[in-house]
Amino acid sequence: DGGITQSPKYLFRKEGQNVTLSCEQNLNHDAMYWYRQDPGQGLRLIYYSQIVNDFQKGDIAEGYSVSREKKESFPLTVTSAQKNPTAFYLCASSLDRDSTQYFGPGTRLTVL
Amino acid sequence: KQEVTQIPAALSVPEGENLVLNCSFTDSAIYNLQWFRQDPGKGLTSLLLIQSSQREQTSGRLNASLDKSSGRSTLYIAASQPGDSATYLCAVRGSQETSGSRLTFGEGTQLTVNP
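Not measured: the values here are computed from a predicted model. (Residues numbered from 1 in each chain as written. Chains lettered and ligands numbered in written order. Predicted model: local features only at pLDDT ≥ 70, side-chain atom pairs only at ≥ 80, totals over all residues. Heavy atoms only, no water.)

1. A word on the overall build of chain B
The condition that has to hold: Only DSSP runs of H or I reaching four residues or more are called helices, and only runs of E reaching two or more are called strands; each is numbered from the N terminus. For the radius of gyration, the atom set is restricted to C-alpha positions; the globular benchmark scales as 2.2 Å times the number of residues to the power 0.38. A 1.4 Å probe rolled over the protein chains alone gives each residue an accessible area, and that area as a share of the maximum for its type sets the label: buried under 20%, exposed over 50%, partly exposed in between. Contact between two residues is taken to exist if any of their heavy atoms lie within 4.5 Å; hydrogens are not considered.
Within chain B one finds zero helices and 11 strands. The order of helices and strands in chain B, counted from the N terminus, is β-β-β-β-β-β-β-β-β-β-β. A compact globule built from 115 residues would reach a C-alpha radius of gyration of about 13 Å, and chain B, at 14 Å, matches this within 12%. C-alpha extents for chain B along the principal axes are approximately 45 × 30 × 20 Å. A burial count over chain B gives 42% of its 115 residues as buried. Long-range pairs, those at least 24 residues apart, make up 55% of the contacts in chain B between residues at least 6 apart in sequence.

Take a look at the structure:
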């Protein structure tokens, strides 16, 4: 069953903690992305990666970090430096930079 | 900086009606434009992708048009059904980027189709 999986579906974080959101794809896609969505708003790009061991900052990278050690995995860490992390986080992948992006089901992060 | 606007923000129609969702963008130098559907609390599903050289794309009851020079795209939904109720998002990819596949998203149109 091919696709993109994100875990967990819901995540709660205390202030001052780092948390890591998982994103895995078995589509053999080279490019992967992380977006943030706030209520009533469109998606904003956090980080993207075109190839293993390479990634680039998006429009709102401050307070976030990523790694791309394997082609199929692109985890996102929300650090304590992110002042307003409560949001819906979406991971996507595409065959290459020019192709359609396919999205995972999302992780809803809430700061307590 | 590319900005994408979607009008209206919300739309409620009776079942069976044909409807049009609008998307406008400020920088006409785009590589492609994509329409997505998002159900509440879910990820995005790609509906249609239009390359900058194309004028329209069709899939079933959906038809998307692109007028790059005027910075506009429309998504036409024929014979709407309650199952079409969702938020529809428009996203453009600029042609000036030298790396990555950045999409700039609009805020979406929340569609409700009433039985």
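2. So, the overall build of chain A
Counted only if it meets this: In this description, accessible areas are obtained by the Shrake-Rupley approach with a 1.4 Å probe, and a residue is regarded as covered only by the protein chains that are shown. When charges are counted, Lys and Arg contribute as positive and Asp and Glu as negative, whereas His and the chain ends are disregarded. To locate a charge, take atom NZ for lysine, CZ for arginine, CG for aspartate or CD for glutamate.
Secondary structure assignment for chain A yields zero helices and 11 strands. Its helices and strands taken in sequence order, chain A reads β-β-β-β-β-β-β-β-β-β-β from the N to the C terminus. Taking 2.2 N^0.38 as the reference for a compact globule, 112 residues should give roughly 13 Å; the C-alpha atoms of chain A span a radius of gyration of 13 Å, in line with that estimate. C-alpha extents for chain A along the principal axes are approximately 35 × 25 × 25 Å. Across the 112 residues that make up chain A, the buried fraction comes to 49%. Long-range pairs, those at least 24 residues apart, make up 54% of the contacts in chain A between residues at least 6 apart in sequence. When the accessible surface of chain A is split by element, carbon and sulfur atoms take 47% of a total near 5,400 Å². The averaged location of the 12 negative side-chain charges in chain A is 8 Å from the averaged location of its 12 positive side-chain charges.

3. Some thoughts on the pattern of salt bridges
Filter applied, for reference: The working definition used for a salt bridge is a side-chain nitrogen of Lys or Arg within 4 Å of a carboxyl oxygen of Asp or Glu.
For the structure shown, the criterion picks out five salt bridges over all chains. A salt bridge links D30(A) to K71(A), with the shortest nitrogen-to-oxygen separation between them at 3.4 Å. Residue D30(A) is found in the loop between β3 (19–25) and β4 (31–37), and its partner K71(A) is found in the loop between β7 (64–66) and β8 (76–78); the two are separated by 41 residues along the sequence. Here D39(B) ties to R37(B) by a salt bridge, and the two come within 3.0 Å at their closest N and O atoms. A residue is classified by how much of its surface remains accessible, and R37(B), at 17% relative accessible area, is buried. Linked through salt bridges whose partners overlap, the residues forming this network are R36(A), D38(A) and R44(A).

4. Some points on the sheet that holds β3(A)
Residue and element names in this part refer to chain A. For the record, the criterion: In this description, strands pair whenever DSSP reports at least two bridges between them. For helices, the fitted line uses only the C-alpha atoms of the stretch in contact; every axis is such a line through C-alpha atoms, and the angle between N-to-C directions lies from 0 to 180 degrees.
The strand order across the open sheet built from four strands is β1-β3-β8-β7, with neighbouring strands paired in antiparallel fashion. Looking at strand neighbours, the two that pair on one side only are β1 (4–7) and β7, the edges of this open sheet. Each adjacent strand pair in this sheet contributes to an overall mean axis angle of 20°, direction not counted. Sheet topology places β3 next to β8; three bridges connect them, and they run antiparallel. Note that in β8 the partner of L21 across the bridge is L76.

In short, geometric facts, not functional conclusions.
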